[in-house]
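Observations on the model geometry
Chain by chain, the residues:
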Amino acid sequence: MSDTNTPAIISRSATLDKITALCKRRGFVFQGSDIYGGLKGTWDLGPLGVALNNNIKREWWNMFVDGREDMYGLDASILMNAKVWEASGHTGNFSDPLVEDTETGERYRADHLLKDNGIEAEGLSLGQIDSLILEKGIKSPKGNPLSQARQFNMMFESTIGATAGPEGKVYLRPETAQGIFVNFKNVVDTMSPKLPFGIGQIGKAFRNEIAPREFLFRVREFEQMEIEYFVREGEWEVEFEKWRLNLWDWFDHLGLSRGNVRELEVPENDLAHYSKRTIDFEYNYPGKGFDELAGFAYRTNHDLQAHMKASGKSLEYVEANGTKLVPHVIEPSFGVGRALTAVLCEAYREDTLGDSDDVRTYLKLPNHLAPYLACVSPLLKNKPELVAKARTVFTLLKKEFTNITWDDNGNVGKRYRRQDEIGTPYCIVIDFDTLGENPDLLDMVTIRHRDSGEQERVAISDIASRLK
Ligand code: GAP
């Protein structure tokens with residue numbers, strides 16, 4: 001391999017705008033309902049986005065559910081009895097402070113407006129927010145006066161069944177966690193788990209965010225990957241520490257550099273209504289700075305207690321010695337969209353290869369996350385003998401890996417650029433030497449490496465092991 005192809009420029013050149021544009025251009029993420037002008041706070045995953053998203057979820061499930069003896073999987077319904085949300089406290093407490101532009105009627109999150117004006121608004125009461133807005137003369141982004149702040153509940157409501165009475169009211173779940181709590185007894189009764197143990201779930205959650213913004217960062221419909229890890233009360237601190245380290249392992253596995261991830265201890269006055277301790281794991285989103293990537297909370301036994309009280313059903317756990325207890329809970333909670341955004345921001349690169357002046361864009365995705373592991377192509381698409389051989393190689397690899405793509409559009413240089421931009425680690429090219437024009441290279445293909453641009457000759461029979 002030559003070393004003249006070492007990247008000449010490596011910089012953290014990502015911005016959320018560049019990522020959004022690449023995602024649209026290359027089929028990762030599209031605006032929801034695009035042809036109708038979009039629907040704010042919704043995004044659709046395109047062919048490559050769904051592949052990356054699925055890879056993230058598969059890796060998470062492997063690491064946190066299938067890879068452990070003390071974890072059980074679950075897939076609860078999105079629609080749940082409205083009593084669930086009353087018991088959990090979401091009907092009363094799951095709200096953000098809202099202010100309106102008194103002239104246009106546009107709505108804003110009061111804490112975000114204060115933050116944009118350099119005021120830390122975490123944990124402030126509505127009265128305190130109003131006083132600060134008055135005192136500092138804060139106006140809406142359109143320059144108009146603001147209304148008084150009020151709490152806005154973020155749960156989407158719907159009605160179930162044919163009658164539209166209050167008894168038919170349902171909410172789209174704002175977190176997957178409650179599906180786990182209400183199934184706690186089912187899992188205990190069917191699986192007989194020993195404490196400490198956890199239940200993991202991946203699924204959609206919905207929040208009627210006042211101000212969705214910044215690509216996938218704050219949206220109204222998103223996926224969560226959540227764990228409720230049940231412990232004896234006296235064990236929570238030890239288990240919390242173990243999970244804290246597990247979270248770091250996960251972010252390493254996503255390829256996020258340690259310098260771009262940090263922990264933020266949430267101050268007591270800003271803890272969610274159910275939490276005694278929370279650490280927000282934050283990612284350094286380019287152009288935005290550190291903001292939440294995942295939440296990590298000690299929820300005490302607030303939820304199980306609340307559901308016991310409201311449902312009248314026992315959610316106690318019985319120890320081998322007959323002791324009954326209501327377990328406490330540690331909750332690592334991950335947003336898939338935020339993980340996907342962080343992975344793209346981390347992977348985004350612009351550089352030149354060798355002595356070329358051309359700047360290329362590429363995604364330095366870890367192999368286990370890349371939508372395609374490899375792209376197979378014939379050097380020329382109008383030479384049937386090259387195409388036939390390339391097809392044989394493609395079929396062989398497709399059977400073994402599935403995430404192999406075929407590309408015979410344009411010239412080989414353009415294919416490399418296209419595959420670089422979607423993060424494909426390897427391009428495999430079948431040329432005349434593969435067919436035996438140079439007998440020494442018979443049945444050998446060229447494998448070109450995305451990050452370095454280096455190329456090597458590999459026997460067809462060795463490609464699969466080379467890609468592993
Ligand atoms: N069960 C706990 C819980 O839901 P959270 O901090 O509100 O805690 C957990 O949410 C994670 O879900 C966040 O760290 C974030 O990754 C993701 N998330 C929350 N709201 C989101 C939104 N509006 N858009 C995208 N992701 C969101």
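Here the structure is a predicted model, which means the values were calculated and not measured.

The helix and strand inventory of the chain stands at 14 helices and 24 strands. Principal axes of the C-alpha set define a box for the chain whose edges measure 80 × 65 × 50 Å. Taken across its 468 residues, the chain has 52% of its residues classed as buried. Within the chain, counting contacts between residues at least 6 apart in sequence, those at least 24 apart form 66% of the total. Summing over all exposed atoms, the chain offers an accessible surface of approximately 21700 Å²; the carbon and sulfur share of this is 49%. Across the chain, the mean location of the 57 positive side-chain charges is 3 Å away from that of the 71 negative side-chain charges.

Attention now moves to the packing of aromatic side chains. Within this structure, the stated rule accounts for 25 aromatic pairs. With a centroid separation of 6.2 Å and an interplanar angle of 15°, the aromatic rings of Phe-184 and Phe-197 are classed as stacked. With Phe-184 in helix 8 (residues 184-191) and Phe-197 in strand 10 (residues 197-206), this pair connects stretches of sequence that are 13 residues apart. With centroids separated by 4.1 Å and ring planes inclined at 20°, the aromatic side chains of Phe-240 and Phe-296 adopt a geometry described as stacked. Taken together, the residues Phe-240 in helix 9 (residues 236-253) and Phe-296 in strand 14 (residues 289-298) connect sequence positions 56 residues apart. Classification of Phe-240 by relative accessible area gives buried; the value is 1%. Residue Phe-296 is classed as buried on the basis of its relative accessible area, which comes to 0%. The positively charged end of Arg-299 is found above the aromatic ring belonging to Tyr-274, 3.5 Å away from the centroid.

Here we come to unusual backbone geometry. Here the amide bond leading from Leu-195 into Pro-196 is cis, since omega sits at -10°, within 30 degrees of zero. Inspection of the secondary structure assignment puts Pro-196 in the loop between helix 8 and strand 10. Positive phi outside glycine occurs at Thr-300, with the angle close to 50°. In this fold, Thr-300 is placed in the loop between strand 14 and helix 10 (302-311).

The final tally for this structure, using the stated rule, is 44 salt bridges. For Arg-299, the salt bridge identified is with Glu-175, shortest N-O distance 3.2 Å. Placement of Arg-299 in the loop between strand 14 and helix 10 and of Glu-175 in the loop between strand 9 (169-172) and helix 7 (177-182) is noted, with a sequence separation of 124 residues between them. When salt bridges that share partners are traced, they join Asp-96, Arg-109, Asp-111, Glu-209 and Arg-218 into one network.

With respect to spatial proximity, 21 residues lie near the ligand, and among them Glu-175, Arg-207, Glu-209, Glu-226 and Glu-292 are the closest. One nitrogen or oxygen atom from the main chain of Val-219 is found 2.8 Å from a nitrogen atom belonging to the ligand. For the ligand, an oxygen atom lies 3.0 Å from a polar atom in the backbone of Gly-335. Compared with its free state, where it exposes 560 Å², the ligand has 92% of that area covered by protein. Looking at the shell around the ligand, the elements with two or more residues in it are strand 11 (221-231), strand 14 and strand 17 (328-335). Broken down by element, the residue count for the shell around the ligand peaks at four residues, all from strand 14.

Now for the confidence of the model for the chain. Of all residues in the chain, 97% have pLDDT values of 70 or greater, and the mean over the chain is 93. Here residues 1-11 is a poorly scored stretch, pLDDT under 50, and it has 24 contacts once near neighbours within four places are set aside; other chains count.

The rules we used
Residues numbered from 1 in each chain as written. Predicted model: local features only at pLDDT ≥ 70, side-chain atom pairs only at ≥ 80, totals over all residues. Heavy atoms only, no water. Helix = DSSP H or I, 4+ residues; strand = E, 2+ residues; numbered from the N terminus. Buried < 20%, exposed > 50% of the residue type's maximum accessible area, 1.4 Å probe, protein only. Contact = heavy atoms within 4.5 Å. Areas by Shrake-Rupley, 256 points an atom, 1.4 Å probe, with all protein chains shown as cover. Lys, Arg positive; Asp, Glu negative; His and termini not counted. Charge placed at Lys NZ, Arg CZ, Asp CG, Glu CD. Phe/Tyr/Trp six-rings, centres within 6.5 Å; stacked < 30°, edge-to-face > 60°. Lys NZ or Arg CZ within 6 Å of the ring centre and 35° of its normal. Salt bridge = Lys/Arg side-chain N within 4 Å of Asp/Glu carboxyl O. Near = heavy atom within 4 Å. Polar contact = N/O pair within 3.5 Å; in protein donor to acceptor, adjacent residues only side chain to side chain. pLDDT = per-residue confidence, 0-100.

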